Every structure is written in C-alpha cells, then in structure tokens.
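Chain by chain, the residues:
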Amino acid sequence: MLKKISFFNILLNMANHITLCIWLLFFFISIFSLAKSETYIIHMDLSAMPKAFSSHHNWYLTTLSSVSDSSTNHKDFLSSKLVYAYTNAINGFSASLSPSELEAIKNSPGYVSSIKDISVKIDTTHTSQFLGLNSESGVWPKSDYGKDIIIGLVDTGIWPESKSYSDDGISEVPSRWKGGCESGTEFNSSLCNKKLIGARYFNKGLLANNPNLNISMNSARDTDGHGTHTSSTAAGSYVDGASYFGYATGTAIGIAPKAHVAMYKALWEEGVYLSDVLAAIDQAITDGVDILSLSLGIDAIPLHEDPVAIAAFAALEKGIFVSTSAGNEGPYYETLHNGTPWVLTVAAGTVDREFIGTLTLGNGVSVTGLSLYPGNSSSSESSIVYVECQDDKELQKNAHKFVVCLDKNDSVGEHVYNVRNSKVAGAVFITNTTDLEFYLQSEFPAVFLNLQEGDKVLEYIKSNSAPKGKLEFQVTHIGAKPAPKVATYSSRGPSPSCPSVLKPDLMAPGALILASWPQQSPVTDVTSGKLFSNFNIISGTSMSCPHASGVAALLKAAHPEWSPAAIRSAMMTTSSALDNTQSPIRDIGNKNAAATPLAMGAGHINPNKALDPGLIYDATPQDYVNLLCALNFTSKQIKTITRSSSYTCSNPSLDLNYPSFIGFFNGNSSESDPKRIQEFKRTVTNLQDGTSVYTANLTPMGKFKVSVVPEKLVFKEKYEKLSYKLRIEGPIVMDDNVVYGSLSWVETGGNYVVRSPIVATSIKVDPLTGHN
C-alpha cells in the first residue's frame, strides 16, 4: 500500500511538473512575444483621414485595430497599445508594436514614416536647444561658450550654493576684473569662486527712505529667487538631474555657460529705490563687467530722469552691452519701459515645450491637457462631476470630488479662483483659451483641456451614473507647435520715452522658464503647504532679458571688437519673424493674430545666425546725443544723461542709424496734401572679406508705398560703409493702427539676409520729455 501511494505521488508530482513546465513554456513565449514589441513614433498624413472619423484619435485607434496581432481588439487593449495621439507636435501617434504590426502599419492608408522611440537626454531649461545652440557648430564653440565674458546683473541677489554657480571647467578670473565679493548676513567672500566672481549689495537708498527699517538679509544672498533665476538663465553652469517636481527633467544650462557672473543686489523684499539701482549699475561699470542684464525698469519716466537709461549711457561709453526687459504690462500699446535707444529691449515669447496632465476616466479613456501642478504625480480615483464653476455653492456641495468646469465666455480665470477657494479634490477646466500660462501652476490638482478633449469627458459624465476619474501629472512634451508666440503680458511699443526708435528690439524665451532657485525660498504653495525646490519655473520679460544677455555674451566672446550697437544689430537683423511651422509668429494677446513689430520687435532671437550677420548698423555715443537734441531736450537734460559737455547739438536728428524703422502717420498733413512722406537714412557696415553685393527686398505694406534708394549695395572690402534711404509714402488717414512690413538686404548667393522691420502707425505718442 505504501508503495502504491508513493508511486501515485510520484506520478502526481510528475504531472504537476509537466503542467508547470507547460505553463512556464507559455509564460516565456508570451514574455518573448511582449519583448518583441517596441514603441514607434508613426507619422500620418492627416489629409488622408476618412471623413467618417470624428477625430484623428479615433482614426489612429482604428488603424491600430486593423494591424493588431491580437484577436482581442477591445478598446481598452488598443488604448494600452497607443502611447500618445499627437495633436500639435506631429500628425501621428506613438504605439507599442510588434515587428509584424509595424510592417502592417506601413501599408496602412495615410502612413508617412516611422521612427523607433529612443531615450533622449533633454536640456531642461531647453531654451538653449530651442535657440539652436549646440556643441558641434555655431556660436557656442566659436565663442567657447562665453569664456572670459563677465555678465553683471542688478537683481535680488544670488544663492551661491546652487550648482549653477559651480566653477568646474571655468577659466580663471580675468585680470581686468576690479570687482569684489562683499560679506554680509549669511554671506562671506569665500562663497565666490571662478564662476561667481562678484557679489555686492546696495540698500542705502532704501534705508535712507526708511530709517528704522530692519533688513532681514543684509547681504547679496537672494531670499526672493528672482536674481538666482535670471543669473543662472544667462550663464548657469551645467547641472544634471534638474527638474521642477518631475517636470522638465534633464540637464540645466545657461545660455553662456562658461561666462563669469557678478551679482549686484539692489532689489529688496523690503523695497526698491532707484538710487540703489543706479549705484549698483555704477559699481558694475567700475568693476569691469562686459554685459549688464537688467530685468527691471521704470514706467512713464523721461530718459533724463530714468536712472537705468542714464547709467546705461555710461555703460555704452565703456563698451558695455546693456540688455533690459520690456515689462509685463501687455498686451496694450505704449506700455513698454526701457525704450532707451542705447539698450536692447527684450519682449517675451513661448517655447516649444508643454507640461502635461492626464485625466483617466473610469471607462479607461485618457485625455491630456496642460498642467504644472507640482504636487503628487498621481491621485487616487475619485468621483467626477460637472459643475457650474461660477457658482460657489455648487462647488461647496461637491467637496472632495473632481469637478469639471466648462468655460463658455472666457471665464476660466474666475473658475480657477472659485475652485481655489473651495474644498474640491481637483478640477478639470475645459476652455478654448490659449492664454493659460499663469493658471497652470495651480495650488490644487488641475488639468486644462481643449474643447475636443473636454467633449470626451462631458460625454462620459453624461452617459455614466457614477463617473470616476484619476489625475496624473509631471509629463513634459518637447516640439509643441506653433512656437514661439508672443506672450500676452509682454509690454508693447511704441516707446513713450523715445517713440522715434522702434521698440521692443526683439523677443526671447520668457514663458515658463526653468532655472535655479534658492533652496530656502518656497517655489509655490499647495493645499498641503509650501513646496521647496532647487529649480523653479516662472515667466515674464524678466526671463527673456537674461536669455538675450547670454546671447550677447556669446557674441562678445566671439567678436570682442564689436560695439554694443553692432552686437544689438547682429541680434536684430538675424532674428526670425517665423515660428517652427514656418508661419508668421503669433501674438497670444491679440487672439493669436500675426504679431506686429510693436509686440515682438525684429522677431525671435537666433544666436547662431547673429554670429555672422553680413552687415551691421553701428552707432556712436554722439549719434544718440544727436537724437536727444532732436527730442528738444535742454542742454541740462542732455548733460544729465551724458555727464559731459563735450557732446554737441550741431547735427540734431531723430533718424538714428538703427536696424528698424517706425513712421507716424497721425493725419497732421494739410488737407491739400492727402499723403504723408517719411524718409530714413541708414548706413551699413560690411563684415565680409572681398566684394559682396546686396539687393533690397521689400514686403508689401497695404496702402503704403515703400521704396529704397539705391536698391543695390556693392561692397568692395571689409568694414566698408555704404548708405541708403528708405521712403514711406502713406495716406493721411490710416485704416489700421499699425501697418508693418520689412526691408531685407539679400546678398547675391543668398548667404546673408539682413532684415529690418518697418512700422507705420497712427498711434499718437506724447514723448516723455519732462518739459512742462
């Protein structure tokens, strides 16, 4: 009996082993089968989508279904194979495909091409990549990444422990440097190094106006964050593993990563006084900075009363390039500050990067939208309900649920405010508004969907008796189109302080920029409390200005002989008026219409092209004084700016040799003369060896007739100067506030295109001369 039981057990064990082996065999076969599937990005021809499909998403799912190896073509299964259905970045999708599925999809209607998804290391500030900076060619290697250039910033201070100020690989402090590292509260001179070579602070004006004031951080240490952010944007060293709570993960890098940094703290949490700003710039000039980056400005003040303009003139005389922010008072005309003719005035634009949140519905369908919520990367599933979010009582009734808000009349801002003051678990905002930049960093879990994605959510809620959803965050997409766009808040020209010079000069990345931040200053508040990070994402022309400062540093390193005007000219005449879809750059603040030069200046900055612009428009200090004379400034006012009597007013002229044109057509011609004519004279300098020929190319300007004499410039040698005249003839009454076009000097052979914006406007500007 024992033998029989033993034999039976042996047979049973063998059977179990065989079953196990068979199970393992099938398991490994299935694993092997899964392992063969890889993710591919599939480009599709959207024009080939059959009209029967309501959306490209459905078309992509159907395409996947038709090629799937699996007999299970369940929607949830197909959705799991579909990684992303792209809307803006490309026409197409990414999906997990077996080799046979990939081959089958290549024969599908509408298929264009495919590429295997690979790991990509992203520069997290990303703006260096967006601006075309790379290590193989162009201005980075040519300038050795800004080596030996000193960028001075007047700001809120600096956080020296940030890795963005590591001096690994940074050259020795230039012998011409006369600056110092000033000790103070929680800051000693040992915190400076070969990267951060100067740190000073200025608050005597602040204390003079507030004698009993106790300054909490009486040193160059930054407790606000602004100065750390701007300085690391301009010249931050490489920092691996940077991110903002999982967004924009990658390597942070400034525009001129080998440049030296000097911080002049004159902006205090306790207050800001112009005297301190003026002292800071004055010291920076003395110390020997090459570039001054000023993400600050004063509104509605004439040039001779503006300490930034005055100090910038002194910097100009020393050959220092001054980059300034246009201001954040857009999208209205004449809101721009720093319209000073001898500085660069920088507008703010978006970049091709989006931050994504995902809502997964209870039926397995996922929709994606914009979000920068910094809290936990995912939430637990919760009830989801549609609510009239303008109704506070309705929101209170749905506490601890996800609410869906539908923006029917541009009320998304009100919806966000109401939800913030409620106790809901999270929110889904459905809106057609594209101006969402300042809503994305919400204090509560939130995602912003377009109407197409939002309809899927509303349909699900309508058809389900107990709808549920789950929110997930921390996804970053690169390659968004169209980009750049002009940010709504970016201040617009004409310049009240000097309307005869077209401002802003150009635009640079300013929207949702990631850069270093003080570790002890909170980056944001969420419902659970304050959050801290070594990096922060913020927006404004304060962010666009240091991008341009960094580019100027690169050009200065590559061309030390160039004047500040030459550097500005190179940056302006090579800027792009087209976005990454090769269409005119759009203006978010003007309902995404084509941006005018009063919003974006000459266009979006292009550092590599600026390295070799072909021709430049140069200007001397006396040229700027001639302009001041023509503005009817008194001799005392002019001397206030120039600090010298050596300049003369023997040749007053509003026609500065500038790389742009603005004509005012205010209907002040006589009735007998139905037309108004404005003429401009410009002189360009050839930067090429040998003979070069340039031909004028003018874009149409509606009812305005624009002409150039001569139409051809023939240069025989390097540094030769030739002049031309541009004439705008227009009606006494304009149909629009602004009409614009451009003049491009195109070299024979097409190696160089030197482009200048032209604006004709009926906007009445009263110059801020300071006269009674």
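Residues numbered from 1 in each chain as written. Predicted model: local features only at pLDDT ≥ 70, side-chain atom pairs only at ≥ 80, totals over all residues. Heavy atoms only, no water.

(A) Expanded view of the environment of Ser183. With respect to the helices and strands, Ser183 occurs in the loop between strand 5 (150-155) and strand 6 (196-201). Residue Ser183 is classed as partly exposed on the basis of its relative accessible area of 42%. Between the C-alpha atom of Ser183 and that of Ala220, which follows or precedes it by 37 residues, the distance is 8.0 Å. Those residues in contact with Ser183, other than ones at most four positions away along the chain, are Asn188, Ser189 and Tyr201. Within the local environment of Ser183, its side chain forms a polar contact with the backbone nitrogen of Ser189, the two atoms lying 3.3 Å apart. (Helix = DSSP H or I, 4+ residues; strand = E, 2+ residues; numbered from the N terminus. Buried < 20%, exposed > 50% of the residue type's maximum accessible area, 1.4 Å probe, protein only. Contact = heavy atoms within 4.5 Å. Polar contact = N/O pair within 3.5 Å; in protein donor to acceptor, adjacent residues only side chain to side chain.)

(B) A look at the pattern of salt bridges. In the structure shown here, the tally under the stated rule is 20 salt bridges. Across the salt bridge formed by Glu679 and Arg727, the nearest N and O atoms sit 3.5 Å from each other. Linking Glu679 in strand 32 (residues 675-686) with Arg727 in strand 36 (residues 721-731), this pair joins segments that are 48 residues apart in sequence. Of the charged contacts, one joins Arg727 and Glu729 as a salt bridge, the two residues approaching to 3.2 Å between their closest N and O atoms. (Salt bridge = Lys/Arg side-chain N within 4 Å of Asp/Glu carboxyl O.)

(C) Representation of helix 15 (residues 564-573) within the structure. Of all 10 residues in helix 15, 10 are buried, a share of seventy percent or more. When helix 15 is considered as a whole, its buried residues turn out to be Pro564, Ala565, Ala566, Ile567, Arg568, Ser569, Ala570, Met571, Met572 and Thr573.

(D) Up close: the sheet that holds strand 34 (residues 705-709). What the 4 strands build is an open sheet, ordered 30-32-36-34; its pairing is antiparallel. Two strands in the sheet have a free side with no partner beyond their single neighbour: strand 30 (615-616) and strand 34. Examined bridge by bridge, strand 34 and strand 36 share 5 bridges and lie antiparallel to one another. Following the sheet pairing, Val706 is matched in strand 36 by Ile728. (Pairing = 2+ DSSP bridges.)

(E) Just the nonpolar core, in detail. Of all hydrophobic cores here, the largest spans 98 residues; its most connected members are Ile151, Val154, Tyr264, Leu292, Trp342 and Met571. Each residue touching Met571, except ones within four places of it in the same chain, is listed here: Phe321, Leu344, Leu506, Ala548, Val551, Ala552, Leu555, Ile605 and Ala610. (Core = buried A, V, L, I, M, F, W, Y, C linked by side-chain atoms within 4.5 Å.)

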